[in-house]
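# Reading the structure
Single-letter residue listing:
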Amino acid sequence: MQLIELEVNQFRQFRQPLRLSDLQPGLNVIAGPNESGKSTLVRALRAAFFERFGSSVMTDLQPWGDSSAAPEVILSFLWQAQTWRLHKRFLKQKRCDLQIDSQHWSGGEAEEKLATLLGYEFPGKGVSKAEHWGIPGLLWIEQGSGHEITQAVTHASEHLQAALGTSLGELASSGGDQVLDAVSSQLAELQTRTGKPTGRYAQLQQAAAEQADKVAALTGRVEQYRAEVDQLSQLVQQQAADELHKPWLEYRRRERETQQALDQVERLQQQQEQDLLLQTQCGNTLRLIREQIASYQHQLEEQTRREQALCSAATRCQSLQQQVQTTADELQRAEQDYVAAREQCQQVRSHAQWQQQASEQTALHTRLQQLEPRLADARRNAQEVADWQHKLQQTRLPAAELKQLRQLQATLDQLLARQQQAATRLEYEVSGSAVSLNGQLLSGRGEHWLTQAAELELGSLGRVRIVPGGNDLNELRREQQRIQDAYAALCQQLGVRDLAAAEQQQEQAQQAERQLAEVQTRLASLAPEGVAALEQALDACRQQLASMPALPEQTTSPSPEISLHQAESLLTAAEQAWRQAEQRARDVQQQLAAAEREQAAAAAELSRLQTHIAALQNQQQAQGLTSQLNEQLAIAQTLKQRLHERAEQIAAARPDILQDDRVRFTRTAEQLEQAFAERKTSIVGLRSGLQALNAEALEEQLAAASQAAEQSSRRLQEVERRVAALRLLRDLLGEQRQALTRRLQAPLQTHIQHYLQLLFPQADLLVDEQLQPRQLVRQQAGGAVNDPLEALSYGAREQMGLISRLAYADLLQAAGRPTLIILDDALVHSDNQRLDDMKRILFDASRRHQVLLFTCHADKWQDLGVPVRQMQQLARGT
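### Points about the side chain of Gln272
Tracing the backbone shows Gln272 in helix H9 (residues 248-309). Among the residues examined, Gln272 registers a relative accessible area of 11% and is labelled buried. Those residues in contact with Gln272, other than ones at most four positions away along the chain, are Arg642, Leu643, Arg646, Ala647 and Ile650.

### Let's talk about unusual backbone geometry
Its identity is not glycine, yet Gln93 carries a phi of approximately 50°, on the positive side. Within the element layout of this structure, Gln93 appears in the loop between strand E5 (82-89) and strand E6 (95-100). Although it is not a glycine, Asp101 sits at a positive phi angle of roughly 55°. Structurally, Asp101 is set in the loop between E6 and strand E7 (103-106).

### Points about the sheet that holds E5
Across the sheet, 6 strands lie side by side as E2-E1-E4-E5-E6-E7; this open sheet has antiparallel pairing. Of all strands in the sheet, those with a lone pairing partner are strand E2 (18-20) and E7, marking the two edges. This sheet shows a mean twist of 10° between the axes of neighbouring strands, independent of strand direction. Bridge analysis of strand E1 (residues 2-9) against E2 gives 3 bridges, and the strand direction is antiparallel. Looking across to E2, one finds that Leu6 is bridged to Leu20.

### Quick word on the nonpolar core
By size, the foremost hydrophobic cluster in this structure holds 92 residues, and its most contacted members are Leu41, Phe49, Leu75, Phe77, Met800, Ile803 and Leu823. Top element by residues in this core is helix H23 (residues 794-814). It accounts for 10 residues. Within the second largest apolar cluster, 19 residues are counted, among which are Ala378, Ala512, Leu516 and Leu526.

### Observations concerning the sheet that holds strand E15 (residues 763-767)
Spatially, 3 strands are ordered E15-E16-E17 in an open sheet, and the strand pairing comes out antiparallel. The sheet terminates laterally at E15 and strand E17 (783-788), the two strands that pair on one side only. Neighbouring strand axes in the sheet, compared pairwise and without regard to direction, differ in orientation by 25° on average. In this sheet, E17 lies alongside strand E16 (residues 773-780) in antiparallel orientation, the contact comprising 6 bridges. Counted as the bridge partner of Gln780 is Gly783 from E17. On the sheet, helix H22 (residues 746-759) packs against E15 and E16 and is oriented at approximately 145° with respect to E15.

### Focus: the pattern of salt bridges
Within the structure shown, the criterion is met by 43 salt bridges. Salt-bridge contacts for Asp66 lead to Arg15; the nearest nitrogen and oxygen are separated by 3.8 Å. With Asp66 in the loop between helix H1 (38-50) and strand E4 (72-79) and Arg15 in the loop between E1 and E2, this pair connects stretches of sequence that are 51 residues apart. When its relative accessible area of 24% is taken as the criterion, Asp66 is described as partly exposed. With relative accessibility at 43%, the residue Arg15 sits in the partly exposed group. The structure contains a network of salt bridges with shared partners spanning Arg12, Arg43, Glu51 and Asp60.

### Re the pairing of E16
Put simply, side chains in a regular strand alternate between the two faces of the sheet. Two elements, E15 and E16, share 5 bridges in a ladder whose sense is antiparallel. Across the sheet, residue Leu765 finds its bridge partner in E16, namely Leu776. Hairpin remark: E16 followed by E17, antiparallel, with 2 residues in the connecting loop.

### Quick notes on the packing of H22 against H23
Axis angle and axis distance: for two packed helices, these are the angle between their axes and the distance between the axes, and together they describe the pair. Closest axis-to-axis distance for the H22/H23 pair is 8 Å, and the angle between their directions is 135°. The angle between H22 and H23 falls in the class oblique. Here the hand of the crossing between H22 and H23 comes out right-handed. Here H22 contributes Pro747, Leu748, His751, Ile752, Tyr755, Leu756 and Leu759 to the contact with H23, which in turn contributes Gln799, Met800, Ile803, Leu806, Ala807, Tyr808, Asp810 and Leu811. Along the lines of polarity and charge, the residues of the contact of H22 with H23 split into 12 nonpolar, 2 polar and 1 charged.

### Considerations on empty space enclosed by the protein
On inspection of all chains with the given rule, the structure shows 2 cavities of 30 Å³ or more. Approximately 60 Å³ is the volume found for the largest cavity. Forming the boundary of the largest cavity are Met1, Leu118, Ile135, Pro136, Leu139, Trp140, Pro818, Thr819 and Leu820. No other element matches helix H3 (residues 134-139), which puts 3 residues into the lining of the largest cavity. Split into classes, the residues belonging to the lining of the largest cavity amount to 8 nonpolar, 1 polar and no charged. Quantified by volume, the second largest cavity comes out at close to 50 Å³. In terms of lining, the second largest cavity is formed by Tyr338, Arg342, Cys345, Gln346, Arg349, Leu571, Thr626, Ser627 and Asn630. When residues of the lining of the second largest cavity are assigned to their parent elements, the largest contribution, 5 residues, is made by helix H11 (residues 321-358). Along the lines of polarity and charge, the residues of the lining of the second largest cavity split into 3 nonpolar, 4 polar and 2 charged.

Cut-offs and rules
- Residues numbered from 1 in each chain as written.
- Predicted model: local features only at pLDDT ≥ 70, side-chain atom pairs only at ≥ 80, totals over all residues.
- Heavy atoms only, no water.
- Helix = DSSP H or I, 4+ residues; strand = E, 2+ residues; numbered from the N terminus.
- Buried < 20%, exposed > 50% of the residue type's maximum accessible area, 1.4 Å probe, protein only.
- Contact = heavy atoms within 4.5 Å.
- Pairing = 2+ DSSP bridges.
- Axes fitted to C-alpha atoms, helices over the stretch in contact; angles between N-to-C directions.
- Core = buried A, V, L, I, M, F, W, Y, C linked by side-chain atoms within 4.5 Å.
- Salt bridge = Lys/Arg side-chain N within 4 Å of Asp/Glu carboxyl O.
- Parallel < 35°, antiparallel > 145°, perpendicular 65-115°, else oblique.
- Left-handed = near helix turned anticlockwise from the far one by under 90°.
- Nonpolar A, V, L, I, M, F, W, Y, C, P; charged D, E, K, R; others polar.
- 1 Å grid on protein atoms, 1.4 Å probe; cavity = no way out; pocket = protein on both sides within 12 Å on 5 of 7 lines; lining within 4 Å.
- Points joined across faces, edges and corners; volume = space filled by probe spheres on them.

Set out below in structure tokens:
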């Protein structure tokens, strides 16, 4: 059978006629995306053959929303050299016409002729279902149903058996089935189909198991009795030994010793944590001091670079050399005085540090000496913060107004330049005194730039009026006046004289902001929690010091003649004198540099830098950064040494080992005590239990139960031998029946094997008595593997289903029946290798059958050697 043409009209999504023509006798591939109408064409074929034209329930064939449509299907096919043409219309103006060459049938007669030809039947009423589709239902695969073969074969079984030429009833009528049924019946009385015992067999098996369990239980109880007698003897001996020696007392003593060692380590760790906190605070102070000193050194380096620029001018100022020499001598003396004061201060500070290390009371004195200047510095810094904040508020200018002022100044400069370009230049050379310009006498040679009208008086000769520039100059002058007014108003608003004053005030504000940040940083370092917290710490230190007894006098070395405060004051005074001497030397250099007018701008920058450095010097003098740095370094070294020594003590004590020992000793003592108590309880329980077991006569019960179990076992073995014999006989009869079945099914099996070898070489797809494919047998290294069809993967079942359908088609064709293969999106679950093998199978089958393959994956079917017809082109009629 070869389908030639298919046309649909007003059928589901096709409201207009669509024709599928020029179909080839072999493979035909129709491709298109989802919802393009492929399944609609398959539904049209099924409706043309399976649905009665007179049915009124086929409303699903109408286009959506169009209840007046009359779905129509027209198709033509070849069979036995004759052209069959079928025309069906549903719901509206119903008709069914069948024409075979010159012969014509219509209505139900035409439908019955088609059903007889293809091998299907119509329902009594309603919509046709799968059980009515017969052979076409087997050969036409719907979308998503390729893996289901059982029901399709069942519905077409009569036609398949007719094609096979024999009836399976012949096999059932043979005498072998009576013997097989009798054997199966007797075997069923003793076990189920799954091999589970039943009836008398199950009762004997249960009785034997119960007897065996009873023997095992009694044997266990006898063995338990003997073991408990031995255990009681051992427990009594152990209990007597522990009651005599009491071994847990020794572990309790060792537990207490270990706990004392742990307490000592914990005290050391607490002291270590306190010193670590002090070390962190000291490190923060050192970092801040170093940053301040580094900032000062950077300013000094910048000053040196700028002084070098003025070195050539300094060499020309010989008159100032004597003064420079004088200031150098003063600086040297001041430096020597500073070195002496620093050495004296270091001696006094060393003595104070010795006192701090002498005892805890000395440490409190040192702490008090640290807190007092620190509190003073914090208060001073807090006042400086307020002062700098006040100064910042007074000097800070709004950025927007300052930017606007700069723009106005730049605009004025541009206007002035433009005026000079547009102004009239008047050059004169007058020998007398009678010439004047706007009332100003002119004499000698000179020139004037005229930006507005002017009168030139020529004495007795008259006067000349000069009007320069025209309208552009007047406009520039007016623009200049407007800008100057805005400039003056903005300066008045900002409270400055001009842009230079504003820039200077802004620089002062920036300097105040930087100083405020530095002072806030110092204040945060001195009093992280606030000045009030620092005052409380100082009061607490004083109270603790007041509550302690006085220290004995130092006898190891003489005490310094002055106090540490006096030494620091002398050092501060010497340092200030040294800095002042340096300042005087720099002032001389500034005066020398000021003599060179060509270096005026550089000298001004140097002066501002020197002023800033002088402020930094004053701050460093007030803060005593060098002394603080040395003091903090000494404190850091002391803390480091103390932390190192204490860490060695803690490490040597091995607190982790001590903790483990304490836990070990505690648990050992508890376990020994608990074992002693539990052993005592066990002894009492064992004695009671042994008395009860001794009264039950366990040995006699065990002998009786063993005899009963042996009898049950003999009866069970007899039944098991009978079951084994019946099972063997059933299997032999089944194998013989299967051999007979294979001979009867040989034609179908031959066609299946033809296709299967292309997919699985050396494999077999077994068919049951009802011509149903049931089992796939594949040869592997370990032997044959039998897989039921239901146990295969979805893709493998789909492949086996298609192979079986093709074999059925070959069988039907050999019997002279028409065949048409329709595949709607089949084999979508096959991998690439299996899909290639299935393409070979389809290509082979297409030599004998027409195959219509509908797919949404055109790229996967381009290698079948036939053109792929696109649904979009069919819809356009191309």
